[in-house]
Amino acid sequence: MATSSITDLIIVDSEDLQKAFDRLEQKDLTKTRYQVNALEQLEAGRKLL
Amino acid sequence: MSSSVPNFRILDLKSYLQCYSPESILSDLSSFKLRDGCDEFYHFLQAHPDENGKRKDNFIDFEKKHLCRVYFVLAEKIEDTTDKCILKLKSGNYPVYGYFSISVKTLYQNNIEKNQEILPTKNINMYLIGHLCKNASYDWNKGGEYMLQQCFEIIESVHQKIGMEYILIECEPELIDYYSNQNFEKIGKNKDLNQMVCKVTDVSKNLKKE
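All figures in this text were calculated on a predicted structure; none of them were measured in a lab.

About the cut-offs
Residues numbered from 1 in each chain as written. Chains lettered and ligands numbered in written order. Predicted model: local features only at pLDDT ≥ 70, side-chain atom pairs only at ≥ 80, totals over all residues. Helix = DSSP H or I, 4+ residues; strand = E, 2+ residues; numbered from the N terminus. Buried ≥ 20, exposed ≤ 12 C-beta atoms within 10 Å, placed from the backbone. Contact = placed C-beta atoms within 7 Å. pLDDT = per-residue confidence, 0-100. Expected span 1.5 Å × (residues − 1). Core = buried A, V, L, I, M, F, W, Y, C linked by C-beta atoms within 7 Å. Right-handed = clockwise from strand over helix to strand, strands pointing away. Pairing = 2+ DSSP bridges. Axes fitted to C-alpha atoms, helices over the stretch in contact; angles between N-to-C directions. Parallel < 35°, antiparallel > 145°, perpendicular 65-115°, else oblique.

Undergrad: Please clarify how the overall build of chain B should be interpreted in this entry.
TA: A count of helical and extended segments in chain B gives 6 helices and 9 strands. Here chain B holds 210 residues, and the buried ones make up 37% of them. Residue pairs in contact within chain B that sit at least 24 positions apart in sequence constitute 57% of those at least 6 positions apart.

Here's what the structure looks like:
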């Protein structure tokens, strides 16, 4: 990932974008994710200051 | 690092800069170990001149301009700081496991094949995970996925309040398979980076506690 991604203009082909959106709609989301409690970690981080 | 899940804390740069100087965090992060080929991450961490000799913005500049929010993932407090990238805080020394940035990005759509002028015809706002970088000193192989999940949970909390449907990342070609496995779909390429998106509503499905 690049610093430029925050500031650069990003243009994508509308057809490619729509195809990606369609694939996302059809995805079988069976992947298990870990719950990491980021908001609690964020609160804990501020207490270190 | 052991296979057990470290007791992480996330420190947002905005809060840090209310208590400490920019110089102190730049000094602490000078030993942050990047994997090979991560020049852009290096530029993000330290200020470097561009091809015209002008200093490029680093993460502190981006934070101060409110272009993004930067978060540092800290591991357990340690006493032995030898050869470690640590953040020196009043409460102790904390190894920096990694960092990430989150912002909102406008993505412009155009049918480039039909219109060589590349004039934006439509746009769509997305969350951008602009940087997600693990300290290469740590070899915990789930670390990247864990940090990604931390991003997702922060984005999800904002999503509850302001909406928006997609999350955008840009990545090098060697990470396309990794992000595909994380339910991202490739949408295009900008310079040497590939853009990939996923749905905010999909990232919190099938959660389990470890």
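Undergrad: Can you walk me through the overall build of chain A in this structure?
TA: When helices and strands are counted, chain A shows 3 helices and 2 strands. When its helices and strands are written in sequence order, chain A yields α-β-α-β-α. For chain A, with 49 residues in total, the buried portion stands at 29%.

Undergrad: Just to check I follow, could you spell out the confidence of the model for chain B for this structure?
TA: In this model, chain B carries an average pLDDT of 84, and 83% of its residues clear a pLDDT of 70 or more. This complex was scored by the predictor with a pTM of 0.87 and an ipTM of 0.85.

Undergrad: So what exactly am I meant to see when it comes to helix α5 (residues 143-162) of chain B here?
TA: Helical geometry: 3.6 residues make up each α-helical turn, so side chains three or four residues apart lie on a common side. Residue and element names in this part refer to chain B. Look at α5: 29 Å from first C-alpha to last across 20 residues, which is about the 28 Å you get at 1.5 Å a residue. For α5, the set of buried residues is Gly 143, Tyr 146, Met 147, Leu 148, Gln 149, Gln 150, Cys 151, Phe 152, Glu 153, Ile 154 and Ile 155. Remark: Gly 163 follows α5 within two positions and exhibits a positive phi of approximately 80 degrees.

Undergrad: It is not clear to me how the nonpolar core should be interpreted in this structure. Could you clarify?
TA: A general trend in soluble globular proteins is that nonpolar side chains are found buried together. With 60 residues, the main nonpolar core has Phe 72, Val 73, Leu 74, Cys 151, Ile 167, Leu 168 and Val 197 of chain B as its most contacted residues. Excluding residues within four positions of it along the chain, Ile 167 of chain B makes contact with Met 126, Tyr 127, Ile 129, Ile 155, Val 197, Cys 198, Val 200 and Val 203 of chain B.

Undergrad: What's the story with unusual backbone geometry in this structure? I'm lost.
TA: Keep in mind that most residues, glycine aside, have a negative phi and that most peptide bonds are trans. All names here are of chain B. Positive phi outside glycine occurs at His 66, with the angle close to 60 degrees. In this structure, His 66 sits in the loop between α4 (59-64) and β2 (69-74). For His 66, a count of 9 C-beta atoms within 10 Å translates into the label exposed. Look at Met 164: it is not a glycine, yet its phi comes out positive at around 85 degrees. On the secondary structure map, Met 164 appears in the loop between α5 and β6 (166-171).

Undergrad: Please clarify how the pairing of β6 of chain B should be interpreted in this entry.
TA: Successive side chains on a regular strand alternate, one facing one side of the sheet and the next facing the other. Residues and elements named next belong to chain B. Of all 6 residues in β6, 6 are buried, a share of seventy percent or more. Burial along β6 is two-sided: the residues Tyr 166, Leu 168 and Glu 170 and Ile 167, Ile 169 and Cys 171 are all buried. In the classification by handedness, the crossover that spans strand β5 (residues 122-134), the intervening α5 and the parallel β6 is right-handed. Bridging between β6 and strand β8 (residues 193-199) involves 6 bridges; their strand directions are antiparallel. Residue pairing across strands places Glu 170 opposite Gln 195, the latter belonging to β8.

Undergrad: Could you clarify how one ought to interpret the packing of helix α3 (residues 38-47) of chain A against α5 of chain B in this entry?
TA: In a packed pair of helices, the relevant descriptors are the angle between the two axes and the axis-to-axis distance. Two numbers describe how α3 of chain A lies on α5 of chain B: the axes approach to 8 Å, and their chain directions differ by 95 degrees. It follows from the interaxial angle that α3 of chain A and α5 of chain B lie roughly perpendicular. The segment α3 of chain A lies against α5 of chain B, with Ala 38, Leu 39 and Gln 41 of chain A engaging Gln 150, Glu 153, Ile 154 and Ser 157 of chain B.

Undergrad: Explanation requested: the environment of Asn 37 of chain A in the structure shown.
TA: Along the polypeptide, Asn 37 of chain A turns up in the loop between β2 (33-34) and α3. Distance in space between the C-alpha atoms of Asn 37 of chain A and Leu 49 of chain A is 20 Å, their sequence separation being 12 residues.

Undergrad: I would appreciate a short explanation of the environment of Glu 15 of chain A in the present structure.
TA: As for its placement among the helices and strands, Glu 15 of chain A is situated in helix α2 (residues 14-26). A sequence separation of 34 residues divides Glu 15 of chain A from Leu 49 of chain A, and the C-alpha atoms of the two residues are 48 Å apart.

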